[in-house]
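Chain and residue survey
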Amino acid sequence: ADPVRWVMEVCAGVECTWHVAGGSAWRSFGLMMLVTSSIAFPTPTSRGTPVIIDHRMSWADGLLDIGISLAPAIGFSLYSIFGRLGRLALAKSTLTFTFAVHSVICIAVIPGYVVMGQWFEIVYASLNLGGNLLVAVVLKRKEKYFVQVFVTFGVMILCCPATRIVVWNQDLSTAWTTLVLSSGTMAIVFTAVVFTFRHLALRSAR
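None of the values given here were measured: they were computed from a predicted structure. (Residues numbered from 1 in each chain as written. Predicted model: local features only at pLDDT ≥ 70, side-chain atom pairs only at ≥ 80, totals over all residues. Heavy atoms only, no water.)

With that out of the way, let us pick up the environment of Tyr-79. Looking at the secondary structure, you find Tyr-79 in helix H1 (residues 59-84). Relative accessible area serves as the criterion here: at 36%, Tyr-79 is assigned to the partly exposed category. For the pair formed by Tyr-79 and Lys-92, sequence separation is 13 residues and the distance between their alpha carbons is 7.2 Å. Contacts of Tyr-79, omitting those with residues within four sequence positions, involve Ala-91, Thr-94 and Leu-95. (Helix = DSSP H or I, 4+ residues; strand = E, 2+ residues; numbered from the N terminus. Buried < 20%, exposed > 50% of the residue type's maximum accessible area, 1.4 Å probe, protein only. Contact = heavy atoms within 4.5 Å.)

Structure representation (structure tokens):
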């Protein structure tokens, strides 16, 4: 069978705007579903084979989406609480554990993406794995390089939504929000603020 690319649009009412509802390739990212016709649909090779279009989120997408949102939310909250209470060692251990858990989640979903043949998700999860594992190791072993590594982490994580925008032709109206609210952007901004305050403190101490 020849490969095909297609897009399905829906319009409700007499005078309405057409909206994309399906296509030859789609992926779920949290509550957002991206559809593109730039990737060929996996057409069955035998005639008469029924094709079922299922837009439900896969278990790997669900685990990764929930994990990368829930783990940092809990971990950073506990880190802030322990830091406020002056339990610095416990705060550091909590932060290290948070990045480690994030890494374990990425390791768990990558085999699933390999089986499903979703190469973009493999790259997406691998970038998350590399960034989080790098931070966890540095926090545990080489804390003095944390600032440099956190910048690297931010760039690696920022590449995830950037790649998604390019590959899945994400609409620019939502793409900017995705980039600005990315944890990679937050990491870079946080590092810049820390570096600025550090520079001002050293300057005033002279």
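Here we take up helix H3 (residues 119-141). Taking 1.5 Å as the rise per residue, H3 with 23 residues should run 33 Å; its terminal C-alpha atoms sit 32 Å apart, in good agreement. Turning to H3, its buried residues number three or more, namely Phe-120, Glu-121, Tyr-124, Ala-125, Asn-128, Leu-129, Gly-131, Asn-132, Val-135, Ala-136, Val-138 and Leu-139. (Expected span 1.5 Å × (residues − 1).)

A separate point is the environment of Asp-54. With respect to the helices, strands and loops of the structure, Asp-54 is situated in the loop between strand S4 (32-36) and H1. Judged by its relative accessible area of 33%, Asp-54 falls in the partly exposed class. Along the primary structure Asp-54 and Trp-26 are separated by 28 residues, whereas in three dimensions their C-alpha atoms are 9.7 Å apart.

All right, on to the environment of His-19 then. Considering the arrangement of structural elements, one finds His-19 in strand S2 (residues 19-23). For the pair His-19 and Glu-9, spaced 10 residues apart in sequence, the C-alpha separation works out to 5.3 Å. His-19 has contacts with Met-8, Glu-9 and Val-10, leaving out every residue within four places of it along the chain.

Here helix H2 (residues 88-116) crosses H3 at 155°, and the two axes come no closer than 8 Å. The angle between the axes of H2 and H3 places the two elements in the roughly antiparallel class. The way H2 lies across H3 gives a crossing that is left-handed. Grouping the amino acids of the contact of H2 with H3 by side-chain chemistry returns 16 nonpolar, 6 polar and 3 charged. (Axes fitted to C-alpha atoms, helices over the stretch in contact; angles between N-to-C directions. Parallel < 35°, antiparallel > 145°, perpendicular 65-115°, else oblique. Left-handed = near helix turned anticlockwise from the far one by under 90°. Nonpolar A, V, L, I, M, F, W, Y, C, P; charged D, E, K, R; others polar.)

As far as function goes, none of this settles anything; it's purely spatial.
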